[in-house]
Amino acid sequence: MAAAKPTPTDSLSFCLAQLTAAAGEGPGGGKDTATSETPLGRALLALRTRHVKAAGGIERFRARGGLRPLLALLRRAAAADPASPQASPGSAPSAVSAGPASPPGSAPSASCSSSPPARLRKTLDLGLSILANCCTEGACRAEVRRLGGILPLVTILQCVKTDSIQNRTARALGNLAMEPESCRDIHSAGAVPLLLESLTACQDSQCLQSVVRALRNLADSPQHRLALAQQGAVRPLAELLAATPDAALTSALVRALLELSRGCSRSCAEQLSLGGGLGPLVSLASHPKRALREATILTLANLCAQGLVRPALGNAGGVEVLLEELRRRRGPNGANPASQQPLVRAVCLLCREAINRARLRDAGGLELLMGLLGDSRARALHPRVVAALGGFLYDTGALGRLQALGLVPLLTGQLCGEAGDEEEEGREAASWDFPEERTPERAEAGSFRSLRSWLISEGYVAGPGDISPDWSPERCPPPEPSEPSSPAPGPTSLQTPRTLCTPRRNPATTTEEPWGREGPALLLLSRFSQVPDPSGALVTGPALCGLLAYVTGAPGPPNPRALRILARLTCNPACLEAFVRSYGAALLRAWLVLGVAPDDWPAPRARPALRSQHRELGEMLLQNLTVQAESPFGVGALTHLLLSGSPEDRVACALTLPFICRKPSLWRRLLLDQGGLRLLLTALTRPAPHPLFLFFAADSLSCLQGLMSPTVSLVLPPAIPLDLDLPSPCLYEPLLGPAPVSAPDLHFLLDSGLRLPAQRATSATASPFFRALLAGSFVEAQMDLVPLRGLSPSAAWPVLHHLHGCRGCGAALGPVPPPGQPLLGSEAEEALEAAGRFLLPGLEEELEEAVGRIHLGPQGGPESVGEVFRLGRPRLAAHCARWTLGPGQCPRKRALALVGLVEAAGEEAGPLTEALLAVVMGAEAGGRGPSVDF
C-alpha cells in the first residue's frame, strides 16, 4: 500500500505561518480572507490533532512562538463584528479581517453575540482548544499570562454564549487557574460572575463540567474561596447538585464544593444550605465510588465549622454519616490517625448543639469519642475531644455512660498531658443553640415586641433602645440583694439589660478563673464530683494522682476548680471509705505535705521546690478527712473496715488511721485494742498493695509514735567524730610489746599461728567458758599455749581486751567495717559469734554498740539499716527500728530504711514486727524501750 501523500499541514512551520498570517503579525497578514480561510482552518485543525498532541508537541509549539499569534487570533476574534456574513456550508473558518489586535491587558470593546457566525465559531473552537491543551503545561501557562492572554478569554466568555465556546473557554481558564498568579489575574478580570452566568444558562454537561472545574481551580486560597462565596458561587453549585442526574457532573460538583468549603465561611454554608445541597451530599456519602464518597464526607466535615448549618446537617443525617466514616477509619483496616483529624473535628463541633448531641449519643458516638481519648496515637486530638465531651455536662444519662466507659481516669491524665495542636475556632463555630443577631434591622418577632412593651410599661426599661433583641430572662443575673426593690423604679435607678444581662461575667466586678487547656477536663471532673457519691470515679489512685500532679506541677497557679474538687471530695462522707481503701489520705500527705510523689520514689527526680501552699493544702485536706473520720458515721465506717473488711482493706485502714484520727480513744481502740497496729506490721513483708506502701507505712508508724508520745523527742545523738571520743584506759596494753609491764603467764594460739599474751587468772574470771577452760579439769588448764580455733586475729583482739577488763578502750571498733561494706561475713560478725560462744554478754553489747555507732550513726545511711538488721541481733534490730522511726528522721530516709529492713527480714516477719512494735509501744511508755544511745 502506497504511503499517504504528505500535506503542507504536516509541517509545524507551515501551520505557524498560517496562524501568524491570520493574526496579522507576519508578511501574510494582509491577505484576503477568501484566500486564507481554508489554509487557516486546516492549519488550526492540524495543530490541535497532530502537532500539539504529539510527544513534546506543546513545548515545540511554545518554543517556536506559537502562543503569541494564537492569542492575537483569539483577541481579534473576540473583537470581530458579529454581524459579518455567514459562511457557506462547508467553508473553512475565515481569519478576522481589518482592525489591529488589542494590546495585552486591555479590555476589547466588542458587542456580544449569543450566536456567532459559523466561521468565527469554528475558529474560536479550534483556537481555544489548542490554547487549553497548551495550558496543561506550566511553561505555557506562564507565557500566556505574560502575553496578557487572560483578558481575551474573559471577553470571549462574556460575548460568545455558544456552549462549545463557553466550554473551551472555561477549560482554558481552569487550566490557567492552576498557577496562583494566573488565578489572581482571572479573579481580577471579573471572570467569576461570567462563569456563574454560564453555570445557570448552559445545558450541556461537558460545558457545565468545565465551568465547575474552573470554579474549583479558582478556589486556591482562603481569600479566593471567600470571594467566590461572596459572589454567590456556592448556591448554584448546590442547586445543580440537587437537580442533575449526570454522574460525571455530580462528581465535578462534589469536588468543587469540597474546595469551596475548605475553611468554610458563613456565606458558603448559608448558600449550600439554601441551595438544597445538604440532602444530596448526605446521600452521596454512601456512593459506591470511593473518591466521590470521600470527597462528599470531607465536604460535610468542612461544613461543620459553621454553627448555623450544623442543626440542618444533623436533620439530614450528617451525624450518622460522619460517625460511621470515622468508625470505619478507626477500624483495623482504617487509615492513619492524620486522616481522621477532619472527621474528629467535625464530630466534636457537632457536639455543640443539643439536637446533634442526642443524635450522636444514640448513634454510639460516645464510645467512639472515648476510644479516641484513650488512643495514644491521637494525642493531638485529645484536647478537642475533651472540649466536645464538655457539651454533655448536664446530660445525666450521657455522663453516666461516660463514667462507665472510664472517662475520669482519662480526664485526670489529660490535666498534665502535652498540649495538642488544636486550632482556634472562630466565633461562627459557636453553638447555634444560642444564635447571635446579625443585623439590628431585621424584623422583630411579635413575642419580642410584646415582651418589650411589657418591660416598658412595668418600668424595667426606660425605652425601646434600652433592650437588645438578644436579651432573654434566662441570661439575666438576679438583682443584687443589697438593693431594695421598688414598685416603681425611676429611670435614673435603672441599668440597661446590655449591662446587666451580659452572658459573660463583668471583669470589673468579678475575677475570671483561668481557662487553659485543662479547663474543659476540670469542668467535667467538677461535675462528676458534685454527684452524691463520686468515690467510685474520683477517689481512685489514677484520679487522685492526676489531680495532685496538676496541682503541684502546674507552671503557674493551678486552676481553683481543681482545689475545689479535692476539697469537695474530702468533705464528702461518702468518700471516706474510698480514701482509706485507695490509700488516698496517705497519698495526700506524702505528695502535698512531705513532697514525695509516686514518680519520686524510690529515686528522687528534679522537681520544683515544695511550696508552702502545697503543704497548707495537704493539711487542710487531711483535716477535712479527720472531721469525717471522727464523726459518728466515720467511726462506724472505719470500725467496719478494720474488723469486717477484706484483708487488703483492713491493712489500708490500719495504715491510714494515724493520718486522719486525732482522738486517742479512737486510734487506741482501733490500733491497739483491736490489733490494727500488729496487722499493719505483719503486712510489711507481704507483697505491697501499692507502689508507695512502704513509704506510707514508715510515715504512718512515725505518726503513730508521735501520737503515742507527743512530748517525748527521741532524737538520735549528735554527730561526734569517732576520733574525738575519749577512750577508757586500756588494761590489756601492759601485756603487749617486747618488754611487757606485767609478765603474761599464758598465750592463746590462733589458727593463723599468732600468739596473743594473756593472764590466766584474769581471763578465767571473765566468763564461765574461760573459767572452765583455764581453771577447770580440761587439759588446757595445764597448758601455757592454749589454742583458740576458728578465730581470726581481728576478731580475737576485742575478746582478749574484754578478758582483761577493758571496757570502752576502742578495741571493739577494730573489726567493724566502715559504712557501705557488708557486715555479713565480716570480722565484726565473727567477733559477735565469738563473744556468744565464749559467753561474753558484755562484749556482745559492746560490739553491737560499736556496730550501731559506725553504721547507724552520723556517717551511716538508710542502706546500712538493712545490713545491721541482717546480723540477727535483737538489740541491733531495736536500734534499727529506732533509727527508722526516729521523729527527727527525713521521711525519704525513713522509708528507704524500712525497705532495707523488709528486704533483710525476708519471709521471717517475726523479728522485724517485734522490733518495730517494741519501739512504737516503748514510746507510749515514755521511752522505756531499748536505748537509742550507742
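Peer 1: Looking at this structure, I do not really get the overall build of the protein chain. What am I missing?
Peer 2: Each helix and strand in the protein chain was counted, giving 48 helices and 3 strands. Contacts in the protein chain between residues at least 24 apart in sequence constitute 74% of all its contacts with a sequence separation of at least 6. In the structure as shown, the protein chain presents an accessible area of about 42,600 Å², 54% of it carried by carbon and sulfur atoms.

Peer 1: Sorry if this is basic, but what is going on with the packing of aromatic side chains here?
Peer 2: In this description, a pair of aromatic rings is defined by centroid distance and the angle of the planes. Under the counting rule described, the total for this entry stands at 8 aromatic pairs. Taking 5.4 Å as the distance between ring centres and 65° as the angle between the ring planes, the aromatic pair formed by W601 and F695 counts as edge-to-face. Highlighted residues: W601 in the loop between α33 (584-593) and α34 (612-629) and F695 in helix α39 (residues 693-708), separated in sequence by 94 residues. Across the pair, exposure class does not vary: W601 and F695 are buried alike.

Peer 1: Even after reading the chapter, I still don't get the pattern of salt bridges, so can you show me in this structure?
Peer 2: Per the counting criterion, the structure on display carries 30 salt bridges. With its nearest N and O atoms 3.5 Å apart, the salt bridge here joins R168 to D125. Here R168, found in helix α8 (residues 163-176), pairs with D125, found in helix α5 (residues 118-134); they are 43 residues apart in sequence, far enough to count as distant.

Peer 1: Would you explain the pairing of strand β3 (residues 785-788) in this entry?
Peer 2: Side-chain direction in a regular strand flips from residue to residue, so the side chains alternate between the two faces of the sheet. The alternating pattern of β3 places V786 and L788 on a buried face, while none of L785 and P787, on the opposite face, is buried. In this sheet, β3 lies alongside strand β1 (residues 746-750) in parallel orientation, the contact comprising 4 bridges. Among the inter-strand pairings, L749 is bridged to a residue of β3, identified as P787.

Peer 1: Just to check I follow, could you spell out the sheet that holds β1 for this structure?
Peer 2: By way of backbone hydrogen bonds, the strands of a sheet pair with one another, either parallel or antiparallel. Spatially, the 3 strands line up as an open sheet ordered β2-β1-β3, and their pairing is mixed. Each edge of the open sheet is held by one strand with a lone partner, namely β2 (755-758) and β3. Mean inter-strand twist for the sheet, computed between neighbouring axes without regard to direction, equals 30°. Alignment of β1 against β2, held across 4 bridges, turns out to be antiparallel. Following the sheet pairing, L746 is matched in β2 by A758. With respect to the sheet, helix α42 (residues 793-803) is in contact with β1 and β2, its orientation differing from that of β2 by roughly 5°.

Peer 1: It is not clear to me how unusual backbone geometry should be interpreted in this structure. Could you clarify?
Peer 2: Negative phi is the rule for most residues except glycine; trans is the rule for most peptide bonds. In the Ramachandran plot, Y583 falls in the positive-phi region, its phi being about 60° despite a non-glycine side chain. Mapped onto the secondary structure, Y583 falls in the loop between α32 (576-581) and α33. For L839, which is not a glycine, the phi torsion comes out positive at approximately 60°. Position of L839 among the secondary structure elements: in the loop between α43 (827-837) and α44 (841-855). A residue is classified by how much of its surface remains accessible, and L839, at 44% relative accessible area, is partly exposed.

Peer 1: It is not clear to me how helix α9 (residues 180-188) should be interpreted in this structure. Could you clarify?
Peer 2: Owing to its 3.6 residues per turn, the α-helix aligns residues three or four sequence positions apart on the same side. Restricting attention to buried positions, one finds in α9 the residues S182, C183, I186 and H187. Looking straight down α9, one finds its buried side chains confined to an arc of 140°; they lie on one side. On the buried face of α9, the contacting elements are α6 (138-146), α7 (150-159), α8, α10 (191-201), α11 (205-218) and α12 (222-230). Within two residues after α9, G190 carries a phi angle of roughly 80°, on the positive side.

Peer 1: What am I meant to see in the environment of Q674 here?
Peer 2: Relative to the helices and strands, Q674 resides in the loop between α37 (664-673) and α38 (676-682). Distance in space between the C-alpha atoms of Q674 and L642 is 8.4 Å, their sequence separation being 32 residues. Not counting residues up to four positions away in its chain, the partners in contact with Q674 are T639, L642, L643 and R669.

Peer 1: Got a minute to help me understand the nonpolar core in this structure?
Peer 2: One finds F61, L322, L389, I660 and F748 to be the most contacted residues of the largest nonpolar core, which totals 268 residues. For this core, the leading source of residues is α39, giving 10 residues. Setting aside anything within four residues of it in sequence, one finds L322 in contact with I297, L300, A301, C304, L343, A346, V347 and L350.

Peer 1: Would you take a moment to explain the confidence of the model for the protein chain for this structure?
Peer 2: Close reading of the predicted structure is inappropriate where its pLDDT is low. Here the protein chain averages 80 in pLDDT, and 79% of its residues register 70 or above. When pLDDT is averaged over each helix and strand of the protein chain, the minimum, 32, is found for helix α27 (residues 497-500) and the maximum, 96, for α32. In this model, residues 25-36 is a region of pLDDT below 50 whose contacts with residues beyond four sequence positions or in other chains number 11 contacts. Across residues 469-510, confidence stays below pLDDT 50; counting only partners more than four residues off in sequence or on other chains, it has 31 contacts.

Peer 1: Looking at this structure, I do not really get the side chain of E518. What am I missing?
Peer 2: On the secondary structure map, E518 appears in the loop between α27 and α28 (519-529). In contact with E518, not counting residues within four places along its chain, are L415, Y550 and N559.

Peer 1: Help me understand the packing of α10 against helix α13 (residues 234-243), please; the structure alone is not making it clear to me.
Peer 2: Relative orientation and spacing of two packed helices are given, respectively, by the angle between their axes and the distance between those axes. The contact between α10 and α13 brings their axes to 10 Å, and the two run at 20°. With respect to α13, the element α10 is oriented roughly parallel. You can see that α10 and α13 cross each other, and the crossing is left-handed. Note on element contacts: α13 touches α10 through P236, L237 and L240, opposite L196, L199 and T200.

Peer 1: Looking at this model, I keep getting lost on the packing of α28 against helix α31 (residues 560-570). Mind explaining?
Peer 2: Axis separation between α28 and α31 bottoms out at 10 Å; the angle between their running directions is 20°. In terms of their interaxial angle, α28 and α31 are classed as roughly parallel. Seen from above, α28 lies across α31 with left-handed handedness. Contacts between α28 and α31 involve L522, L523, L525, S526 and S529 from the former and R561, A562, I565, R568 and L569 from the latter. Residues that form the contact of α28 with α31 fall into these classes: 6 nonpolar, 2 polar and 2 charged.

Peer 1: I'm lost on the environment of E197 in this one. Help?
Peer 2: With respect to the helices and strands, E197 occurs in helix α10. When the C-alpha positions of E197 and K161 are compared, they lie 10.0 Å apart, and in sequence the two are 36 residues distant.

Peer 1: Whenever I open this one, the side chain of T656 confuses me. Can you help?
Peer 2: Position of T656 relative to the elements: it lies in helix α36 (residues 647-660). Setting aside residues no more than four positions away along its own chain, T656 makes contact with V580 and A585.

Peer 1: Sorry, what's going on with α42 here?
Peer 2: Buried residues dominate α42, accounting for 8 of its 11 residues. Of all the positions in α42, only A795, A796, P798, V799, L800, H801, H802 and L803 are classed as buried. Structurally, α42 contributes buried residues whose contacts are with β1, β2, α40 (760-764), α41 (768-775), α43 and α44. A positive phi of about 90° marks G805, the residue just after α42.

Peer 1: For this particular structure, what's the right way to read the state of the cysteines?
Peer 2: Two cysteines, two sulfur atoms, one covalent bond between them: this is a disulfide. Here the structure, examined in full by the defined rule, presents 0 disulfides. Left unpaired, C264 is separated from the closest cysteine sulfur, that of C268, by 4.0 Å. Free cysteine: C571, not disulfide-bonded; nearest cysteine sulfur from C575 at 9.9 Å.

Calculation criteria
Residues numbered from 1 in each chain as written. Predicted model: local features only at pLDDT ≥ 70, side-chain atom pairs only at ≥ 80, totals over all residues. Heavy atoms only, no water. Helix = DSSP H or I, 4+ residues; strand = E, 2+ residues; numbered from the N terminus. Contact = heavy atoms within 4.5 Å. Areas by Shrake-Rupley, 256 points an atom, 1.4 Å probe, with all protein chains shown as cover. Phe/Tyr/Trp six-rings, centres within 6.5 Å; stacked < 30°, edge-to-face > 60°. Buried < 20%, exposed > 50% of the residue type's maximum accessible area, 1.4 Å probe, protein only. Salt bridge = Lys/Arg side-chain N within 4 Å of Asp/Glu carboxyl O. Pairing = 2+ DSSP bridges. Axes fitted to C-alpha atoms, helices over the stretch in contact; angles between N-to-C directions. Arc of directions from axis to C-beta. Core = buried A, V, L, I, M, F, W, Y, C linked by side-chain atoms within 4.5 Å. pLDDT = per-residue confidence, 0-100. Parallel < 35°, antiparallel > 145°, perpendicular 65-115°, else oblique. Left-handed = near helix turned anticlockwise from the far one by under 90°. Nonpolar A, V, L, I, M, F, W, Y, C, P; charged D, E, K, R; others polar. Disulfide = S-S within 2.5 Å.

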